[in-house]
Number of protein chains: 2
Amino acid sequence: MHLNVALVGFGNVGRALAELLLVKQDLLRDEHHAIVRVVGISTNRHGHAIDPAGISLRTALDAVRFGSRLDGIHEGRPVQDTSSFLERCPASLVFESLPTNPIDGQPALDYIRSLLQRGIHVVTANKGPMAFGYHELKALAADQEVGFFFESTVMDGAPVLSIGREGLVGADISEVRAIFNSTTNYILTQMEYENLGLEEAIKEAQELGLAEADPSLDVDGWDSVFKIIIMANVLMGTDLRPEDVTREGIRNITLEDILEARAAGQRIKLVCEATRQPDGSIAAAVGPRRLLLSDPFASVMGTSSVIDYCTDVLPQLTVIENSPSPTTTAYGMLMDMLNVVRGRYRFEVSE
Amino acid sequence: MHLNVALVGFGNVGRALAELLLVKQDLLRDEHHAIVRVVGISTNRHGHAIDPAGISLRTALDAVRFGSRLDGIHEGRPVQDTSSFLERCPASLVFESLPTNPIDGQPALDYIRSLLQRGIHVVTANKGPMAFGYHELKALAADQEVGFFFESTVMDGAPVLSIGREGLVGADISEVRAIFNSTTNYILTQMEYENLGLEEAIKEAQELGLAEADPSLDVDGWDSVFKIIIMANVLMGTDLRPEDVTREGIRNITLEDILEARAAGQRIKLVCEATRQPDGSIAAAVGPRRLLLSDPFASVMGTSSVIDYCTDVLPQLTVIENSPSPTTTAYGMLMDMLNVVRGRYRFEVSE
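Residues numbered from 1 in each chain as written. Chains lettered and ligands numbered in written order. Predicted model: local features only at pLDDT ≥ 70, side-chain atom pairs only at ≥ 80, totals over all residues. Heavy atoms only, no water.

For chain A, the count of helices and strands is 14 helices and twelve strands. Computed over the C-alpha atoms, the radius of gyration of chain A is 21 Å, within 12% of the 20 Å expected from 2.2 N^0.38 for a compact globule of 351 residues. Expressed as a percentage of the 351 residues in chain A, the buried residues total 60%. A separation of at least 24 residues holds for 70% of the contacts in chain A among residues at least 6 apart in sequence. Entry remark: accessible area of chain A is about 13,300 Å², with carbon and sulfur atoms responsible for 47%. Distance between charge centres in chain A, computed from 30 positive and 48 negative side chains, equals 5 Å. (Helix = DSSP H or I, 4+ residues; strand = E, 2+ residues; numbered from the N terminus. Rg over C-alpha atoms; globule rule 2.2 N^0.38 Å. Buried < 20%, exposed > 50% of the residue type's maximum accessible area, 1.4 Å probe, protein only. Contact = heavy atoms within 4.5 Å. Areas by Shrake-Rupley, 256 points an atom, 1.4 Å probe, with all protein chains shown as cover. Lys, Arg positive; Asp, Glu negative; His and termini not counted. Charge placed at Lys NZ, Arg CZ, Asp CG, Glu CD.)

This is the structure:
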């Protein structure tokens, strides 16, 4: 199988994906019979490149590392913007890793819709389109009989959606409980371990590249809200929007709170919950919780994440992801591509 | 899709599977378009029943609960033994949950081989055939283009093999580390919590039905050996046999050892490891290990289990199964059946 792919978004994750496609090239060919050719790369800051004959990922990675634009490896008349890139790029699968827009998921939501309408497989790591348009996009992909996968939108590339779809198929998931946001988990860890105030810990996380210049998306709980919505909407048969989630971030957590919890044998974590209610609906909440130190969630420190699935047949399954990196997120996208290669979307279509 | 199935083995797991097939009947039909009819049940102590028109699972469960034989619901001339049951039963999928034979995996190994040769899908919860014949059976299933699934052979029905096959597809697993045997984990927990000697704790586990009359399979580490072999052979591309695993059970662990470890801030656990060596081969070992209390493995108590996957793209993924029951193991078999229904074996065939 020959697969022409394009990368839209070439930040940490997009570049890690490019590296991974190089590293895994032989494995993809030998074990999955997939010859993958990258025919386009679209970036926010380094321009766009299309080459139907195949772009050298090494050249593209070097160009961006040295601050050059990608126009030098583009073939044909110049590409003005991402929309025209997507119209002209001859890819049958697009990897999308643009920054999350927390207001309405745009412009990625429109990009993905348009790609699926044209019968192009989409793999996204972007929470925005998922939080604002999952069911619409999923139905569209089914109509068009193409793959739409999004493993890397939650817990980097750890297979938390795959576990629900494959490992818990036929089970009834009554509750999902998780620590999903690595930035706030790192901040809370540093406050406790290094005796830092919230502002100091945020600053340190920003210096390490873990927090954005505007840390609100993480610190005020929005990232966690998006992720718990994705889990609930994909695996628990509901259709929540961000405003449906009871949300409290860690903005008001002080060093005193943390030390007081510690003295009581507890630890504060930003916990996400989605729970089936007696009437069958799903209630979702994000907020700081004081956990006993014996709670497995309490020992998930730094940038690690954790999720509990509660089901009718397996009372509690806990999955912990340790030490993720952009490569981990890129891996989730590679796994999704292999789901397209393996036709994993076809059964879903027939449902 | 109409699916005729048979149950070979009708102990705790087989009966839990029968209950689950009843509970999940509507879901199987509505969400997976699978109408499942049980056309045969073969037991060690309650005889055999075949009915091409479908056996009432409720009747069969009641019969066995009240100590009756199944012959009363059998249609046709009597069935003498499991071999003739398998020859005559008109099933296209057989669930096998016979007791594990630790010597050579027989007779289940022969039963499965013969079923696959006849083009019948097999779902097994039995470690014996897997430890002694996995690669042969897998190749045979591929040749015959039928499904051969075995999720419940390791960690009850927690999706530890599915995670490897689906959630870590394309990743290179360099190490698997686990606490797989719930009987010894329960024994070690009770020794520490209740100040019991090994013999007392074994006796308690036997009274609860967690340990066999001859506890050797668990206590001497054989069950753990079989499970780590299955993980290594299925997910790490090797072909280990029981004799290849360095094995030490908990037979020599005393209450003093446990209290001494505890005083040092440690806890003794029976740990399984399979690790890729510099030369590419896989080394596997089972033995009691003293773990720091801060190690997540140290807080897996009672009958719970845990596994770590170390891979090139996701440094460490930890999966914990809490509070399993026979229903959990039965669920793994149901999940495997859904993999057959979804044609999950077809891609593997094309490899």
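The next thing to look at is the interface of chain A and chain B. With 42 residues of chain A at the contact, the number on the chain B side is 42 residues. Connecting chain A to chain B are six salt bridges. In this structure, Glu-166 of chain A engages Arg-342 of chain B in a salt bridge whose closest nitrogen and oxygen atoms are separated by 2.9 Å. Linking chain A with chain B are 20 residue pairs in polar contact (both at pLDDT 80 or more). Elements represented by at least two residues in the side of chain A that touches chain B include exactly α2 (25-32), α7 (160-167), β12 (316-322), α13 (326-341) and α14 (344-350) of chain A. Looking at which element gives the most residues to the side of chain A that touches chain B, the answer is β12 of chain A, with seven residues. The residue makeup of the side of chain A that touches chain B, split by class, is 18 nonpolar, 14 polar and ten charged. (Salt bridge = Lys/Arg side-chain N within 4 Å of Asp/Glu carboxyl O. Polar contact = N/O pair within 3.5 Å; in protein donor to acceptor, adjacent residues only side chain to side chain. Nonpolar A, V, L, I, M, F, W, Y, C, P; charged D, E, K, R; others polar.)

All names here are of chain A. Taken together, six strands build an open sheet; the order of strands is β3-β2-β1-β4-β5-β6 and the sheet is mixed. Of all strands in the sheet, those with a lone pairing partner are β3 (48-50) and β6 (148-149), marking the two edges. As defined by bridge partners, strand β5 (residues 121-124) adjoins β6 across two bridges and the pair is classed as parallel. Looking at β6, one finds that Val-123 is bridged to Phe-149. (Pairing = 2+ DSSP bridges.)

Our focus in this paragraph is the pattern of salt bridges. Residues and elements named next belong to chain A. Per the stated rule, a full pass over the model turns up 42 salt bridges over all chains. Salt-bridge contacts for Arg-58 lead to Glu-19; the nearest nitrogen and oxygen are separated by 3.1 Å. Taken together, the residues Arg-58 in helix α3 (residues 57-65) and Glu-19 in helix α1 (residues 12-23) connect sequence positions 39 residues apart. Residue classification places Arg-58 among the partly exposed residues on the basis of a relative accessible area of 37%. As a salt-bridge pair, Lys-227 and Asp-223 come within 2.8 Å of each other at their nearest N and O atoms. Of the two residues, Lys-227 and Asp-223 both sit in helix α11 (residues 222-235), four residues apart, roughly one turn of that helix. Just as Lys-227 is buried, Asp-223 falls in that class too.

Another point: the pairing of β5 of chain A. All names here are of chain A. Here β5 shows a buried face lined by His-121 and Val-123 and a second buried face lined by Val-122 and Thr-124. With helix α5 (residues 108-117) bridging strand β4 (residues 93-96) and the parallel β5, this β-α-β connection has right-handed handedness. Once the chain exits β5 it traverses helix α6 (residues 127-144) before rejoining the sheet at β6, and the crossover so formed is right-handed. (Right-handed = clockwise from strand over helix to strand, strands pointing away.)

Turning to the relation of the copies chain A and chain B, a few remarks are in order. If you rotate chain A by 180 degrees and push it 0.0 Å along the axis, it lands on chain B with an RMSD of 0.0 Å. With respect to symmetry, the two chain copies, as superposed, fit the operation of a two-fold axis. Rotation axis and chain A: the residue whose C-alpha lies nearest the axis is Val-319 of chain A, separated from it by 2.3 Å. Taken together, the interface assignments show that 100% of the residues at the interface of chain A recur at the interface of chain B, consistent with an identical surface on both copies. (Least-squares fit on C-alpha atoms with pLDDT ≥ 70 in both.)

The subject of this paragraph is the packing of aromatic side chains. Scanning all chains against the criterion turns up seven aromatic pairs over all chains. Judged by centre distance (5.6 Å) and plane angle (80 degrees), the ring pair of Tyr-134 of chain A and Phe-150 of chain A falls under edge-to-face. With Tyr-134 of chain A in helix α6 and Phe-150 of chain A in the loop between β6 and α7, this pair connects stretches of sequence that are 16 residues apart. The pair formed by Tyr-134 of chain A and Phe-150 of chain A is uniform in burial state, with each residue classed as buried. Each member of the aromatic cluster is reached from another via a ring pair, and the members are Phe-132, Trp-222 and Phe-226 of chain A. Here the basic side chain of Lys-138 of chain A rests over the ring of Phe-149 of chain A, its NZ or CZ set 5.9 Å away from the ring centre. For the cation-ring pair, Arg-177 of chain B lies above Phe-297 of chain B, with the distance from its terminal atom to the ring centre recorded as 4.1 Å. (Phe/Tyr/Trp six-rings, centres within 6.5 Å; stacked < 30°, edge-to-face > 60°. Lys NZ or Arg CZ within 6 Å of the ring centre and 35° of its normal.)

Turning next to the packing of helix α1 (residues 12-23) of chain B against helix α13 (residues 326-341) of chain B. All names here are of chain B. Where α1 meets α13, the closest approach of the two axes is 8 Å, and the angle between their N-to-C directions is 60 degrees. Of the possible angle classes, the one that applies to α1 and α13 is oblique. For the element pair α1 and α13, the recorded crossing hand is right-handed. Across the interface between the two elements, Asn-12, Val-13, Ala-16, Leu-17, Leu-20 and Leu-21 of α1 pack against Pro-326, Thr-327, Thr-329, Ala-330, Tyr-331, Met-333, Leu-334 and Met-337 of α13. (Axes fitted to C-alpha atoms, helices over the stretch in contact; angles between N-to-C directions. Parallel < 35°, antiparallel > 145°, perpendicular 65-115°, else oblique. Left-handed = near helix turned anticlockwise from the far one by under 90°.)

Looking now at the nonpolar core. Among the nonpolar cores identified, the biggest contains 231 residues, and Tyr-309 of chain A together with Tyr-309 of chain B are the most heavily contacted of them. One finds Val-300 of chain A together with Ile-179, Leu-291 and Val-306 of chain B within the second-largest nonpolar core, a separate group that totals 16 residues. (Core = buried A, V, L, I, M, F, W, Y, C linked by side-chain atoms within 4.5 Å.)

This next bit is on the environment of Ala-125 of chain A. Residue and element names in this part refer to chain A. Among the structural elements, Ala-125 can be located in the loop between β5 and α6. For the pair formed by Ala-125 and Glu-151, sequence separation is 26 residues and the distance between their alpha carbons is 7.0 Å. Excluding residues within four positions of it along the chain, Ala-125 makes contact with Glu-96, Ser-97, Ser-152, Thr-153, Thr-329 and Met-333.

All names here are of chain B. Taking 1.5 Å per residue as the helical rise, α13 with its 16 residues ought to reach 22 Å, and the 23 Å between its terminal C-alpha atoms agrees with that figure. Across the 16 residues that make up α13, a large majority, 14, are buried. Gly-343 lies just past α13 and shows a positive phi near 70 degrees. (Expected span 1.5 Å × (residues − 1).)

Quick look at the confidence of the model for chain A now. On average, residues of chain A carry a pLDDT of 95, and 99% of them reach 70 or more. Quick note on the complex model: pTM equals 0.96, ipTM equals 0.95. (pLDDT = per-residue confidence, 0-100.)

Moving on: the environment of Phe-66 of chain B. Within the secondary structure, Phe-66 of chain B sits in the loop between α3 (57-65) and α4 (82-88). With 107 residues separating them in the primary sequence, Phe-66 of chain B and Ile-173 of chain B have C-alpha atoms 48 Å apart.

Okay, the pairing of strand β11 (residues 305-311) of chain A next. Regular strands show a simple pattern: their side chains alternate between the two faces of the sheet. Residue and element names in this part refer to chain A. A large share of β11 lies buried, amounting to seven of its seven residues. Residues Ser-305, Ile-307, Tyr-309 and Thr-311 of β11 are buried on one face, and the alternating residues Val-306, Asp-308 and Cys-310, pointing to the opposite face, are buried as well. Note that strand β7 (residues 173-179) and β11 share six bridges and pair antiparallel. Bridging across to β11, Ile-179 finds its partner in Val-306. Note: β11 against β12, five bridges, orientation antiparallel. The residue bridging Ser-305 from the neighbouring strand is Glu-321, located in β12. The hairpin formed by β11 and β12 contains four residues between the paired strands.

Residue and element names in this part refer to chain B. Inspection of the secondary structure assignment puts Asn-233 in helix α11 (residues 222-235). A relative accessible area of 4% means that Asn-233 is categorised as buried. In this view, Asn-233 contacts Tyr-134, His-135, Thr-238, Asp-239 and Leu-240; residues no more than four positions away in its chain are not counted.

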